[in-house]
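Here is how the chains run, residue by residue.
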Amino acid sequence: MDSADSLIERISNGSGKTSKDVASLIEAKKEKFSGLLTDAGAAFMVAKELGVSLEEKELKQESTELTKISKLSEGQMGVNLEVEVEHVFSPKKFEKNGKKGILCNCLVKDASGEIRVTLWHEDVKKFFEQGIQRGDKISLTNCAVSKFNEKLQLSVFGGGKIELTENAKQNDKKKKIKELTDNLIDVDVLAKITRVFPEREFNTGERQGKVLSFIAMDETGSIRCSAWNELTEAVQRIPLNSTVLIEGAYTKKGLNETELHLGWQSRVLFHPKKNTEFEKIDELNKIERKKLNELNDAELFEARTTIVDLIKGKMSYLACGKCGKKAESTEKGFQCDNCGIIESAKPRAITSILVDDGFACLRCSLFGIQAEQLLKTKASELNELTEEQLNEFIEKKKKELTGKEILLQAKARVSEANETELTCISFSKPETKKEIEKKIKEMKK
Ligand SMILES: [Zn+2]
C-alpha cells in the first residue's frame, strides 16, 4: 500500500467520509494547485480541513533515525538519510494529464553506496535556492524508496525536507576558465555570463534540437559556451552578468579555442553560495546602475523602474528557425532576409512597455523569452489569439503589469533626434534587501 492510499484510509476513518469522497477531495486540492502538490501534501491539507489529525504519523516521519543507502529496500517510507551530493541533473518540466510540474534528478552517496533521488515541484525550487552543489552534504527527511529500471531510487514527498548540512570541502571537478583544455568531461565552473547570443535550431537529420551560445568569464579569462536543448531556456532566464555555477559540463575544441558545452548531464545554478570566490567574480564587469535620463547610445545599463503601460500591438511574429530574425511566409515557403528560403519559422513573442524611474519615461521592447516571461504566456499561444482575443489579452495584461516594479537590464538606443529607446536584455523582481543595501552604499559615498 502506498502512502496516499494509507492517508486516504486514515482520513476516511477519522472523518466518516468514504475513501472515494476523500480521494476526490484530494484530487480537487491538487487541481487547485495545478499539479504542484503531491498526493501526500494534498492529503495533509484535506485532513486539516476535515479536522482529522494525522499527527501520529507526522511524529513518526519526523523521527531522526538515519538510514544508510545500502540498507534501503523497495517500498520503505519515511526514511531519513545524510548524504553527499554527487551530481545534479538539470530540472525537467513535464506535463501529465494536463497538469504541469517540474522534477529534478540527483545522484547522492554515503559510505555504503549511491542512489538516485528525485525531487518534485516546490522541493526543486527549495533545493536550488539553498545553492546546494556537488560535494555538499545534505540531509533528506521523509523519503520513499521505489524501484525504477530495476534500480532503487528515493523520492522526497509531502512533508519531506532537503537541507544543506555541510558545505563541500573540496571539489576536484571545479576548474578556472584558464584551466579548461579540450576534451574534459564533467567539469564545474563558477563564472559570470556576460553575453548571450540568440537561440538557434539545428537539424542534422540524425539529431535535432536547440542550441544557445553565450560567453562566460571569471578572473582568469573568458570562454565561449554552448547550452543544448532544455538548457537554452535556463540560460536565457538568467539575468545578464549574473554569476552562476555550471556543473557537469564538457569541453571540446571549437573553431579557434576550447569551448564549454552544457549537455543533458549539466545544469546551471543561478544562486550559488556566496563565498570569497563568488564575490571576486561577481565584482568583474559590473553593469552600471543608471538613471533613464542619462543614457548614451549603445550603452548597457541597469535601472530600477516601474512599468507604467503596456503598449498595444502585435505580441508575436514569425522568426527564422536558423537565425531568429524576422521571417515571412511566402508561396515558396518561409523567407528570411538573412538566410533566404528556410525550412522552418516559429512564432516569437514581442512586446513593448513604458518604464519610468522617476527621471525619464521610456519605451522598452522585449523579445523572445523576455517577452514570454513578462506576459507569462508562450509565443505559440500568443500567435493563436484572434484579434479580439488579443485585444482582451492586452487589456488584462495592462492591468496586471501597470505599477509593477522591475529591475531592468537593457541596451539604450539614442536616435539622431535624441530620442532614447530601450531593448530589454533581462529583467527581474527587485530584491528589497539588496536594494536597501545599495541605497545605503550610495548614501555613504
Ligand atoms: Zn535566418
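For clarity, every value in this text was computed on a predicted model and none was experimentally measured.

Chemist: What should I look at first to understand the overall build of the protein chain in this one?
Modeler: Within the protein chain one finds eleven helices and 22 strands. Here the protein chain has a C-alpha radius of gyration of 25 Å; the compact-globule value for 445 residues is 22 Å, and the two agree. Taking the principal axes of the C-alpha coordinates as reference, the protein chain spans close to 75 × 60 × 55 Å. If you take every contact in the protein chain between residues at least 6 apart in sequence, the share linking residues at least 24 apart comes to 60%.

Chemist: What exactly am I supposed to notice about the domain arrangement of the protein chain here?
Modeler: The parts lose accessible area when they come together, and the size of an interface is often stated as this lost area. Partitioning the protein chain into structural domains gives domain 1 (3-61), domain 2 (69-166), domain 3 (177-282) and domain 4 (300-320 + 346-444). For domain 1 and domain 2, the distance between their C-alpha centres works out to 23 Å.

Chemist: So what exactly am I meant to see when it comes to the sheet that holds strand β17 (residues 333-336) here?
Modeler: Adjacent strands of a sheet pair through backbone hydrogen bonds, lying either parallel or antiparallel. Taking strand neighbours across the sheet as the criterion, the three strands line up as β16-β17-β18 in an open arrangement whose pairing is antiparallel. Strands with a single pairing partner mark the edges of an open sheet, and in this sheet they are β16 (327-330) and β18 (340-342). Neighbouring strand axes in the sheet, compared pairwise and without regard to direction, differ in orientation by 40 degrees on average. Relative to β18, β17 runs antiparallel, the two being bridged by three bridges. When the bridges of β18 are listed, F334 appears paired with I342.

Chemist: Explain unusual backbone geometry here, please?
Modeler: Positive phi values are uncommon outside glycine, yet H121 reaches one of about 45 degrees. By secondary structure assignment, the location of H121 is in the loop between β4 (113-120) and α5 (122-129). Of note in this structure, N183 is not a glycine but carries a positive phi near 60 degrees. By secondary structure assignment, the location of N183 is in the loop between β6 (151-166) and β7 (187-196). For N183, a count of 9 C-beta atoms within 10 Å puts it in the exposed group.

Chemist: When you look at the pairing of strand β9 (residues 208-218) in this model, what are you seeing that I'm missing?
Modeler: A regular strand places its side chains on the two faces of the sheet in alternate fashion. With four bridges joining them, β7 and β9 adopt antiparallel strand pairing. Directly across from R195, in β9, lies its bridge partner I215. Strand direction decides the pairing type here: strand β8 (residues 200-203) and β9, joined by four bridges, are antiparallel. Paired with F202 across the two strands is G209, which belongs to β9.

Chemist: Whenever I open this one, the packing of helix α2 (residues 19-32) against helix α3 (residues 39-49) confuses me. Can you help?
Modeler: Geometrically, a packed helix pair is captured by the angle between its two axes and the distance between the axes. Here α2 crosses α3 at 110 degrees, and the two axes come no closer than 9 Å. As summarised for this structure, α2 and α3 are arranged roughly perpendicular, according to the angle between their axes. For the pair formed by α2 and α3, the contact residues are V22, L25, I26, K29 and K30 on the first element and D39, A42, A43, M45 and V46 on the second.

Chemist: In this structure, what is going on with the pairing of strand β12 (residues 258-262)? I would like to understand it.
Modeler: Two elements, strand β10 (residues 221-228) and β12, share three bridges in a ladder whose sense is parallel. Each residue of the ladder has a partner; that of S226, found in β12, is H261. Here four bridges tie strand β11 (residues 243-253) to β12, and the two strands are oriented antiparallel to one another. Bridge assignment links K252 to a residue of β12, and that residue is E259. Counted along the chain from β11 to the antiparallel partner β12, the turn is four residues long.

Chemist: What am I meant to see in α3 here?
Modeler: Buried residues dominate α3, accounting for eight of its eleven residues. Residues D39, A40, G41, A42, A43, F44, V46 and A47 constitute the buried set of α3. Immediately beyond the C-terminal end of α3, within one or two residues, lies G51, with a positive phi of roughly 70 degrees.

Chemist: How should the environment of G51 be read in this particular structure?
Modeler: In this fold, G51 is placed in the loop between α3 and α4 (55-61). For G51, a count of 8 C-beta atoms within 10 Å translates into the label exposed. Considered as a pair, G51 and S316 are 265 residues apart in the sequence and their alpha carbons are 49 Å apart.

Chemist: I keep staring at helix α10 (residues 387-401) and nothing clicks. Help me out?
Modeler: Residue pairs spaced three or four apart in an α-helix point in one direction, given the helix's 3.6 residues per turn. For α10, built from 15 residues, the straight-helix expectation of 21 Å at 1.5 Å per residue is met to within 8% by its first-to-last C-alpha distance of 21 Å. With zero of 15 residues buried, α10 lies mostly on the surface of the structure. Following α10 by one or two positions, G403 adopts a phi angle in the positive range, close to 95 degrees.

Chemist: It is not clear to me how the confidence of the model for the protein chain should be interpreted in this structure. Could you clarify?
Modeler: Interpretation of the predicted coordinates at a detailed level should be avoided for regions scoring low in pLDDT. In this model, the protein chain carries an average pLDDT of 89, and 96% of its residues clear a pLDDT of 70 or more. Of the regions scoring below 50 in pLDDT, residues 57-61 engages in five contacts with residues more than four places distant in sequence or in other chains.

Chemist: Got a minute to help me understand the environment of G321 in this structure?
Modeler: Take G321: it is sitting in the loop between β15 (316-320) and β16. For G321, a count of 20 C-beta atoms within 10 Å puts it in the buried group. The contacts of G321, once residues within four sequence positions are left out, are E201, I342, E343, S344, A345 and K346.

Basis of the calculations
Residues numbered from 1 in each chain as written. Predicted model: local features only at pLDDT ≥ 70, side-chain atom pairs only at ≥ 80, totals over all residues. Helix = DSSP H or I, 4+ residues; strand = E, 2+ residues; numbered from the N terminus. Rg over C-alpha atoms; globule rule 2.2 N^0.38 Å. Contact = placed C-beta atoms within 7 Å. Domains from an automatic or database assignment. Pairing = 2+ DSSP bridges. Axes fitted to C-alpha atoms, helices over the stretch in contact; angles between N-to-C directions. Buried ≥ 20, exposed ≤ 12 C-beta atoms within 10 Å, placed from the backbone. Parallel < 35°, antiparallel > 145°, perpendicular 65-115°, else oblique. Expected span 1.5 Å × (residues − 1). pLDDT = per-residue confidence, 0-100.

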